[in-house]
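Okay, here's what each chain looks like letter by letter:
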Amino acid sequence: MANIQIANVSKTYAGDIHAVKSVNIDIADGEFIVLVGPSGCGKSTLLRMIAGLETITSGTASIGGKIVNKVEPAERDIAMVFQNYALYPHMSVYANMAYGLKNRGTPKAEIDARVKEAVRMLELEPYLDRKPRALSGGQRQRVAMGRAIVRKPAAFLFDEPLSNLDAKLRVSMRGEIKQLQKRLGTTSLYVTHDQLEAMTLADRLVVLNRGEVEQIGTPLDVYHNPASTFVAGFIGSPAMNLVNVEITGQTIAFGDQTISVENRTLPQGKSTLGIRPEDLRLAQDGSGFAFHVDYIEELGAQRLVHGHASGTPLTVTLSSEVALPEDIRLSVLAEKLHFFSAETGKRITA
Amino acid sequence: MKKYIDHLILIIGVVFMMGPVVVAFMTSTHDAAEIHMQGLMTTWGGHFAETYDEVLFEKGGFTGQVTGLAMLKNSFILGIGFAVGKIVLSMLAAYGIVYFRFRMGVVFFWMIFTTLLLPLEVRILPSYMVMSKLHLIDTYSGLIVPLLASATGTFYFRQFFKSVPDELLEAARIDGAGPFKFFIDILVPLSRNMVAAIFVIMFVYGWNQYLWPMLMTTDESFFTLVRGIKQILLVWVGSQIPDYNQAFALAVLAMLPPILVVIIFQSWFIKGLTESDK
Ligand SMILES: Nc1ncnc2c1ncn2[C@@H]1O[C@H](COP(=O)(O)OP(=O)(O)OP(=O)(O)O)[C@@H](O)[C@H]1O
Ligand SMILES: [Mg+2]
């Protein structure tokens, strides 16, 4: 077990492609870090540099206090789980798990004990002699996990390990990975583009955008205090509403409507206002601002109401039990408003 | 109805292909004089045992030193040596080309590829000279080695290795497998269907070699079956009738091993050329 330090790490591919730009992350021993961001933002590249599968253009990666830039993947004491599992097709489940240990010269009895233990943990006993071809996607995923576990590495690296599974299996495997990681206490770095997966798994989230870190923090911290409009729009589903506004005094103006806010100092002038769909309420007795419904998505307990106010598209989450009035007016909670700089998109902390 | 037509076409095909084989076999069971007078036979002649016994075990040939069995052995050495050598060589070449970035790798690949344009027949003189300078005339090495370098094999294995997912290599690297272990533990087992397919093709090709063995070996103890057939018909001296029956028997014998190899390997053969197991 070990901590991982990523200091000023950059990656430039041939042709001047800056896939990762000067990333700094300190990962504590036993921590579960999730790298999240849209496709092509450099998540895999960063993970693969830590694994040693990709060279680091500049900066340093250290595992357990030792700089590993020039260390072979096998000597970095990490285990990786790939999106397509990358199981050896001609080897049985047992052989797949044992291969890494065998190459390290681990005694047979020890290999056997470790594989048996992992197999029990992952409930793979009935499949020990099967080839990967004869397993379901979920079972293959477990074998890939098993192959990582038996090595007892300092860190697990996951590259979108669940994205080839169907939605239901993904949720249950997600739970299992989380439990397993807590039980083993192994430092983990997990890549996903699924923000829900990121929120549920992470001790801390790292939100990446175009090769740069936008924000690092606990899931709730990132959710409640997004550092930029990018993070605000990426984390949380449905996405946060972002509205261009102009503020004078305690009045927020957008389009031809205004919202008055008390009990809070507001950044004056132009900015971007962020409101989560669940932080918008139906206003009572004619207060608030007018909202026109375009269409409604029923989710069961809740409904997503998509519409617009003064030409600005907005999404509102409302309880299914409340009947929608003819003329809808919405109100906001002052403390739930987020403000971002109109120029840089960065959060404005009042 | 369509099914019957399909079957009819296939049956006609089988008869067409198998007819000559059956005729050769039937003819080989008659005695030489009879064949000389009446030509090809389609009936059972009753001399099966003597003819085949004579062909396999009696010393014959120009020097009277070589038996059919010895020729069979030589053919096997040539066929297997050729197939195995080609597979080993082309797998290693393809491994180098696909997995190692070395200077001018592409150039080397295309250089290997252009040798497809230079079959043995084209380079027979220089190849012969090299072998003779190396004193490899009348040796098995001389018979086999010049035929080994194979663009086809290298090309097939290159395509196959390229289709192996990169993650497999990466997983193996993390699992502590170096280049050698990755080749032996992962690539070779994954290629086994491919190896079987190429083995079949190359074995038959090597088995049927005629021109090169004729040039490279003068010593009759290196004769292969394919040459033996020709040799028997050459004893057209004086008023003696060539041993047609023996020639046909040898031809039948010469056909058997390639057929067996194809039958034994056919399931792998088809898998190797059509499906992949990754
Ligand atoms: N070998 C390479 N050569 C050149 N550019 C590359 C190479 N590998 C990746 N890139 C580029 O680097 C950027 C980051 O790629 P990366 O695979 O890390 O994205 P990602 O965040 O993992 O995306 P995804 O969610 O789709 O997997 C992309 O713009 C990609 O085109
Ligand atoms: Mg990726």
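Residues numbered from 1 in each chain as written. Chains lettered and ligands numbered in written order. Predicted model: local features only at pLDDT ≥ 70, side-chain atom pairs only at ≥ 80, totals over all residues. Heavy atoms only, no water.

Sorry, what's going on with unusual backbone geometry here?
Residue and element names in this part refer to chain A. The residue after Ser-237, namely Pro-238, is reached through a cis peptide bond having omega -5°. When you line up the elements, Pro-238 lands in the loop between α8 (229–234) and β11 (241–248). One non-glycine residue, Asp-77, adopts positive backbone phi at about 60°. By the secondary structure assignment, Asp-77 is in the loop between β5 (66–67) and β6 (78–81). (Helix = DSSP H or I, 4+ residues; strand = E, 2+ residues; numbered from the N terminus.)

Looking at this model, I keep getting lost on the site of ligand 1. Mind explaining?
Residue and element names in this part refer to chain A. The immediate surroundings of ligand 1 are formed by Tyr-13, Ile-17, Ala-19, Ser-39, Gly-40, Cys-41, Gly-42, Lys-43, Ser-44, Thr-45 and Glu-160. At 2.5 Å, a side-chain N or O of Ser-39 approaches an oxygen atom of ligand 1. Considered on its own, ligand 1 offers 630 Å² of accessible surface; in the complex 61% of this is hidden by protein. For the shell around ligand 1, the secondary-structure elements that each account for two or more residues are β2 (17–27) and α1 (43–51). Considering every element that reaches the shell around ligand 1, the biggest residue donor is α1, with three residues. Here the shell around ligand 1 is composed, by residue class, of four nonpolar, five polar and two charged. (Near = heavy atom within 4 Å. Polar contact = N/O pair within 3.5 Å; in protein donor to acceptor, adjacent residues only side chain to side chain. Areas by Shrake-Rupley, 256 points an atom, 1.4 Å probe, with all protein chains shown as cover. Nonpolar A, V, L, I, M, F, W, Y, C, P; charged D, E, K, R; others polar.)

Where do I start with the packing of helix α5 (residues 105–114) of chain B against helix α8 (residues 151–163) of chain B in this structure?
Each pair of packed helices gets described by two things: the angle between the helix axes and the distance between those axes. All names here are of chain B. Direction vectors running N to C along α5 and α8 enclose 135°, while the axes themselves pass 8 Å from each other. Viewed along their axes, α5 and α8 adopt a mutual orientation that is oblique. Seen along the crossing, α5 lies across α8 with a hand that is left-handed. Residue-level contacts link Phe-109, Ile-112 and Phe-113 of α5 to Ala-151, Thr-154, Phe-155 and Arg-158 of α8. (Axes fitted to C-alpha atoms, helices over the stretch in contact; angles between N-to-C directions. Parallel < 35°, antiparallel > 145°, perpendicular 65-115°, else oblique. Left-handed = near helix turned anticlockwise from the far one by under 90°. Contact = heavy atoms within 4.5 Å.)

Is there a simple way to explain the environment of A:Ala118 in this structure?
Residues and elements named next belong to chain A. Among the structural elements, Ala-118 can be located in helix α3 (residues 108–121). Given a relative accessible area of 1%, Ala-118 falls into the buried group. If sequence neighbours within four positions are ignored, Ala-118 has contacts with Gly-146, Ile-149 and Val-150. (Buried < 20%, exposed > 50% of the residue type's maximum accessible area, 1.4 Å probe, protein only.)

Would you explain the pairing of β11(A) in this entry?
Consecutive side chains along a regular strand alternate between the two faces of the sheet. All names here are of chain A. Taking every second residue as pointing to the same face, the buried face of β11 carries Asn-241, Val-243, Val-245 and Ile-247, while none of Leu-242, Asn-244, Glu-246 and Thr-248 on the other face is buried. Here β11 pairs with strand β14 (residues 269–275) via seven bridges, running antiparallel. Within β14, the residue paired with Val-243 across the bridge is Leu-273. Taken together, the three bridges between β11 and strand β12 (residues 251–254) define a ladder with antiparallel strand orientation. Bridging from a neighbouring strand, Thr-248 pairs with Thr-251 of β12. The hairpin turn running from β11 into β12, its antiparallel successor, is two residues long, and Gly-249 in that turn takes a positive phi close to 60°. (Pairing = 2+ DSSP bridges.)

Looking at this structure, I do not really get the pattern of salt bridges. What am I missing?
Here the idea is simple: oppositely charged side chains can pair when their charged atoms come close. Inspection of the entire model under this criterion finds 13 salt bridges over all chains. We note a salt bridge from B:Asp175 to A:Arg151, for which the minimum N-O separation is 3.8 Å. Placement of B:Asp175 in the loop between α9 (166–174) and α10 (179–190) and of A:Arg151 in the loop between α4 (137–150) and β7 (155–159) is noted, with the two residues assigned to different chains. According to the relative accessible area criterion, B:Asp175 is buried, its value standing at 3%. Put simply, A:Asp203 and A:Lys182 hold a salt bridge, and the shortest N to O gap is 3.6 Å. With A:Asp203 in the loop between α6 (195–201) and β9 (204–209) and A:Lys182 in helix α5 (residues 167–184), the pair connects residues that are 21 residues apart, well separated along the chain. By relative accessible area, A:Lys182 is classed as partly exposed at 45%. Where salt bridges share partners, they join A:Arg48, A:Glu54 and B:Glu170 into one cluster. (Salt bridge = Lys/Arg side-chain N within 4 Å of Asp/Glu carboxyl O.)

Teacher, can you tell me more about helix α2 (residues 93–103) of chain A here?
Helical periodicity: at 3.6 residues per turn, an α-helix aligns residues three or four positions apart in one direction. All names here are of chain A. Most of α2 is tucked away, with eight of its 11 residues classed as buried. Regarding α2, the residues found buried are Val-93, Asn-96, Met-97, Ala-98, Tyr-99, Gly-100, Leu-101 and Asn-103. Once α2 ends, the next one or two residues include Gly-105, with phi positive near 75°.

Help me understand empty space enclosed by the protein, please; the structure alone is not making it clear to me.
One water molecule sets the probe size; rolling that probe over the atoms shows where empty space is left. By the definition in use, this model includes two cavities of 30 Å³ or more. Each pocket or cavity is described by its volume, and for the largest cavity that value is around 60 Å³. Lining the largest cavity are A:Ala79, A:Met80, A:Phe82, A:Ala144, A:Arg147, A:Ala148, A:Arg151, B:Ala171, B:Ile174 and B:Asp175. Considering every element that reaches the lining of the largest cavity, the biggest residue donor is α4(A), with three residues. Broken down by class, the residue content of the lining of the largest cavity amounts to seven nonpolar, no polar and three charged. Quantified by volume, the second largest cavity comes out at close to 30 Å³. Split by residue class, the lining of the second largest cavity holds seven nonpolar, no polar and no charged. (1 Å grid on protein atoms, 1.4 Å probe; cavity = no way out; pocket = protein on both sides within 12 Å on 5 of 7 lines; lining within 4 Å. Points joined across faces, edges and corners; volume = space filled by probe spheres on them.)

It is not clear to me how the layout of surface pockets should be interpreted in this structure. Could you clarify?
All names here are of chain B. Its boundaries defined by the atoms lining it, the largest pocket holds a volume of some 1200 Å³. As for the largest pocket, its lining consists of 34 residues, of which Tyr-99, Phe-100, Arg-101, Leu-169 and Arg-173 are closest to the centre. Every element with two or more residues in the lining of the largest pocket is listed here: α4 (68–99), α5, α8, α9 and α10. Partitioning the lining of the largest pocket into residue classes produces 19 nonpolar, five polar and 10 charged.

Sorry, what's going on with the interface of chain A and chain B here?
Put simply, an interface is often sized by how much accessible area is lost when its parts join up. Between chain A and chain B, the residue contacts involve 24 residues of the former and 19 residues of the latter. At the junction of chain A with chain B, the criterion picks out two salt bridges. At the boundary of chain A and chain B, one finds 11 residue pairs in polar contact (both at pLDDT 80 or more). Every element with two or more residues in the side of chain A that touches chain B is listed here: β6 and α2 of chain A. Of the residues in the side of chain A that touches chain B, the class split is 13 nonpolar, five polar and six charged.

How should I be thinking about the nonpolar core in this particular structure?
Among soluble globular proteins, nonpolar side chains are generally buried collectively. With 92 residues, the main nonpolar core has A:Ile6, A:Leu46 and B:Phe161 as its most contacted residues. Here this core gets nine residues from one element, more than from any other, and that element is α4(B). For A:Leu46, the residues in contact, after removing those within four places along its chain, are A:Ile6, A:Val9, A:Val20, A:Val23, A:Ile25, A:Leu35 and A:Leu208. Counting 46 residues, the second-largest nonpolar core is a separate cluster that includes A:Ala144, A:Ala198, A:Val222 and A:Phe234. (Core = buried A, V, L, I, M, F, W, Y, C linked by side-chain atoms within 4.5 Å.)

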